[in-house]
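# Observations on chain architecture
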Amino acid sequence: MNYYNAIAKGYNELYGEEQLEKFEIIKNELVGRVLDIGCGTGIITKKIENAVGIDNSWKMLKQFDGERILGDAHNLPFKNKTFDTALSLTVLQDLKNPSKALKEMKRIARKVVFSIQKRNWTEQKIKKMLKKSDLKGSLFEGKKDWFFIQK
Ligand SMILES: C[S@@+](CC[C@H](N)C(=O)[O-])C[C@H]1O[C@@H](n2cnc3c(N)ncnc32)[C@H](O)[C@@H]1O
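The structure contained in this document is the topic of the report that follows. Remember, it's a predicted structure, so these values are computed and weren't measured experimentally.

Let's shift gears to the packing of helix α4 (residues 98-108) against helix α5 (residues 123-132). Two elements in contact, α4 and α5, have axes whose closest approach is 9 Å; the angle formed by their N-to-C orientations is 50 degrees. In terms of orientation, α4 and α5 fall into the oblique class. Considering the relative orientation of α4 and α5, their crossing is right-handed. Mapping the contact onto sequence places P98, S99, L102 and K103 in α4 and M129, L130 and K132 in α5. Tallied by class, the residues present in the contact of α4 with α5 amount to four nonpolar, one polar and two charged.

Rendered as structure tokens:
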């Protein structure tokens, strides 16, 4: 069973506080209609005024009663520039092809904002991925994640 399906019920208790702290860091960067990619239980999505959540774990997603879609970050089911902001908090580190997911975020939105777990990801490695995805902006270090905001 997928890790997030297995921990879905306890996710908010286990990680909620930590994720809300991360949200505080980037919340003022979110503009307009937002797609929250890998939204999980929607603990962050529901804090955003105009947001849709997408996740590939139904067990996580079913705990969210807002606008939600079951889908894969590598192939977002939206036309180019459907959203103003593509947000992804602590998701890219789990993906098979994070560069592909970043390119998808860039395709469907005007602005990309993400965080990625520091474990296994150095600043150099992220910069390489950003270059590959042709994304420019500010990259800075938080307690557990790196944060990126497209400029
Ligand atoms: C650490 S959780 C973060 C959840 C949410 N962003 C938050 O801040 O609470 C990672 C989430 O990414 C989702 N995920 C993993 N691989 C995915 C994929 N390929 N497409 C969509 N979501 C994915 C997982 O199901 C999980 O809900």
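Here we come to the side chain of Q93. For Q93, the position within the fold is in the loop between β4 (83-89) and α4. Residue class for Q93 comes out buried when judged on its relative accessible area of 16%. Side-chain polar atoms of Q93 contact the backbone oxygen of T90, separated by 2.9 Å. At a separation of 3.2 Å, a polar atom in the side chain of Q93 contacts the main-chain amide nitrogen of Q117.

Compared with the 22 Å implied by 1.5 Å per residue over 16 residues, the 21 Å span of helix α2 (residues 11-26) between its first and last C-alpha is a close match. Taking the largest bend as the criterion, α2 deviates by roughly 35 degrees, centred on E17. Inspection of α2 places Y11, G16, Q19, K22, F23 and I26 among the buried residues, and these make up the whole buried set. Against the buried residues of α2 lie α1 (3-7), α3 (58-61), β4, β5 (109-117) and β7 (145-150).

What counts, and at which threshold
Residues numbered from 1 in each chain as written. Predicted model: local features only at pLDDT ≥ 70, side-chain atom pairs only at ≥ 80, totals over all residues. Heavy atoms only, no water. Axes fitted to C-alpha atoms, helices over the stretch in contact; angles between N-to-C directions. Helix = DSSP H or I, 4+ residues; strand = E, 2+ residues; numbered from the N terminus. Parallel < 35°, antiparallel > 145°, perpendicular 65-115°, else oblique. Left-handed = near helix turned anticlockwise from the far one by under 90°. Contact = heavy atoms within 4.5 Å. Nonpolar A, V, L, I, M, F, W, Y, C, P; charged D, E, K, R; others polar. Buried < 20%, exposed > 50% of the residue type's maximum accessible area, 1.4 Å probe, protein only. Polar contact = N/O pair within 3.5 Å; in protein donor to acceptor, adjacent residues only side chain to side chain. Expected span 1.5 Å × (residues − 1). Bend = angle between axes of the 7 residues up to and from the residue.

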